[in-house]
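An overview of the molecular structure
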Amino acid sequence: MVKSLGKDARCAVARAVDLLGDKWTLLIVREAFWGSTQFSQFREELGIAPDILTARLTKLVADGVFERVPYRDAGSRERHEYVLTPAGADLHFVIAGLSRWGEDNRPRDDSTGPVYSDASTGEPLEVAFVTADGRRVEPMDVTVTPGYLVS
């Protein structure tokens, strides 16, 4: 995957987009955060063709976003479920950021955007840039410096 990026292989954004840069991949990850783990659940929730789902799940497992874990329902053959790895769990920030952007910049009256809250307190959460001392910085006030490899 990274080999296909050529000179962009050193760029973290290019590597992430190489893995996650299509609609189905991001929606599969979103569904995992919403509780789907089984092939049939992903299919039902997304209405995705089985060959596309198989290809995306295979890639996500190979790249360490999901782990394939065997399970067996009573009276059925062994199957596998797809469980987020720690690397997959880190994508929560990405999905939450996309959701916030969609709500803020592509609003709809019938929106089904998720609500994020602290699991222990129920307090609502937001995705934000925050300094080490806890100060929130608005996106327009953030400076980005490209990383450069020093020879």
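Check the entry above for the structure.
Notes on the structure follow. Throughout this description, residue numbers start from 1 for each chain and increase along the sequence as written. Given that the model is predicted, a residue must reach a pLDDT of at least 70 before its local features are reported, and side-chain atom pairs must reach 80 or more before they are shown or counted; all residues, however, enter totals for whole chains, interfaces and linings. With hydrogens and water excluded, all non-hydrogen atoms of the structure serve as input to the side-chain values.

Counting secondary structure elements, the protein contains six helices and four strands. In terms of principal-axis extent, the alpha carbons of the protein reach across some 55 × 45 × 30 Å. The burial tally for the protein puts 20% of its 151 residues in the buried class. Contacts are residue-level and defined by heavy atoms, with any inter-residue pair within 4.5 Å sufficient. Intrachain contacts of the protein at a sequence separation of at least 6 include 37% that bridge at least 24 residues. Note on areas: Shrake-Rupley with a 1.4 Å probe; residue coverage comes only from the protein chains shown. Accessible surface computed for the protein: about 11100 Å², of which carbon and sulfur atoms make up 54%. Strands are runs of DSSP state E lasting at least 2 residues, helices are runs of H or I lasting at least 4, and numbering of each runs from the N terminus. Throughout, exposure labels follow a simple rule: accessible area from a 1.4 Å probe, protein chains only, divided by the maximum for the residue type, with under 20% read as buried, over 50% as exposed, and the rest as partly exposed.

A cavity, in this analysis, means grid points on a 1 Å lattice covering only the protein atoms where a 1.4 Å probe fits yet has no way out; a pocket is instead an open set bounded by protein on both sides within 12 Å along at least five of seven lines, and a residue lines either one if it has an atom within 4 Å of a point. Grid points are joined across faces, edges and corners, and a volume is the space filled by probe spheres set on the points. Here the largest pocket defines a volume of roughly 650 Å³. Around the largest pocket, the lining is made up of 20 residues, and of these Arg30, Leu98, Ser99, Gly102 and Gly113 lie nearest the centre. Listing elements by their share of the lining of the largest pocket, those giving two or more residues are α2 (23–33) and α6 (92–105). In this count, Pro and Cys sit with the nonpolar residues alongside Ala, Val, Leu, Ile, Met, Phe, Trp and Tyr, while Asp, Glu, Lys and Arg are called charged and the others, Gly among them, polar. Class assignment for the residues of the lining of the largest pocket results in nine nonpolar, five polar and six charged. Roughly 400 Å³ of internal volume is contained in the second largest pocket. Along the lines of polarity and charge, the residues of the lining of the second largest pocket split into eight nonpolar, three polar and four charged.

Attention now goes to the nonpolar core. Residues grouped as a nonpolar core are buried Ala, Val, Leu, Ile, Met, Phe, Trp, Tyr and Cys residues, joined through side-chain atoms within 4.5 Å. Grouped together as the largest cluster of nonpolar side chains are 17 residues, with contacts concentrated most on Ile28, Val29, Phe42, Leu57, Leu60, Val65 and Phe66. Elements with a minimum of two residues in this core: α1 (12–20), α2, α3 (39–46) and α4 (50–62). At four residues, the largest contribution of residues to this core is made by α2. Dropping the residues within four chain positions of it, phenylalanine 42 is found in contact with Ile28, Glu31, Ala32, Ser36, Thr37, Gly47, Ile48, Leu53, Leu57, Phe66 and Tyr82.

This part takes up the environment of tyrosine 116. Tracing the backbone through its elements, the reader meets tyrosine 116 in the loop between α6 and β3 (129–130). By relative accessible area, which is 21% here, tyrosine 116 ends up partly exposed. A sequence separation of ten residues divides tyrosine 116 from glutamate 126, and the C-alpha atoms of the two residues are 7.1 Å apart. Beyond its immediate sequence surroundings of up to four residues, tyrosine 116 is in contact with His92, Ile95, Ala96, Ser99, Glu123, Pro124 and Leu125.

Here the focus is the environment of serine 117. Mapped onto the secondary structure, serine 117 falls in the loop between α6 and β3. On a C-alpha basis, the gap between serine 117 and arginine 136 in space is 18 Å, while along the polypeptide they are 19 residues apart. For serine 117, the contacting residues outside a window of four places in its chain are Gly122, Glu123, Pro124 and Leu125.

This part takes up the packing of aromatic side chains. For this analysis, a ring pair means two rings from Phe, Tyr or Trp (six-membered ring only for Trp) whose centres lie within 6.5 Å, classed as stacked if their planes differ by under 30 degrees, edge-to-face if by over 60, and tilted for the remaining angles. By the definition in use, this model includes two aromatic pairs. Summarising the aromatic geometry, the rings of phenylalanine 42 and phenylalanine 66 are spaced 6.2 Å apart at their centres and angled 75 degrees between planes, so their arrangement reads as edge-to-face. Pair noted here: phenylalanine 42 is in helix α3 and phenylalanine 66 is in strand β1 (residues 66–71), with a separation of 24 residues, a long-range link. Phenylalanine 66 sits in the buried class, given a relative accessible area of 2%. An angle of 85 degrees between the planes, with centres 6.4 Å apart, marks the rings of phenylalanine 66 and tyrosine 82 as edge-to-face. Of this pair, phenylalanine 66 sits in strand β1 while tyrosine 82 sits in strand β2 (residues 79–84), and the two are 16 residues apart along the sequence. A network of ring pairs unites the aromatic residues Phe42, Phe66 and Tyr82 as a single cluster. Any Lys NZ or Arg CZ found within 6 Å of a ring centre and within 35 degrees of that ring's normal is scored as a charge over the ring. Lying over the aromatic face of tryptophan 24, lysine 23 brings its terminal NZ or CZ to 4.6 Å of the ring centre.

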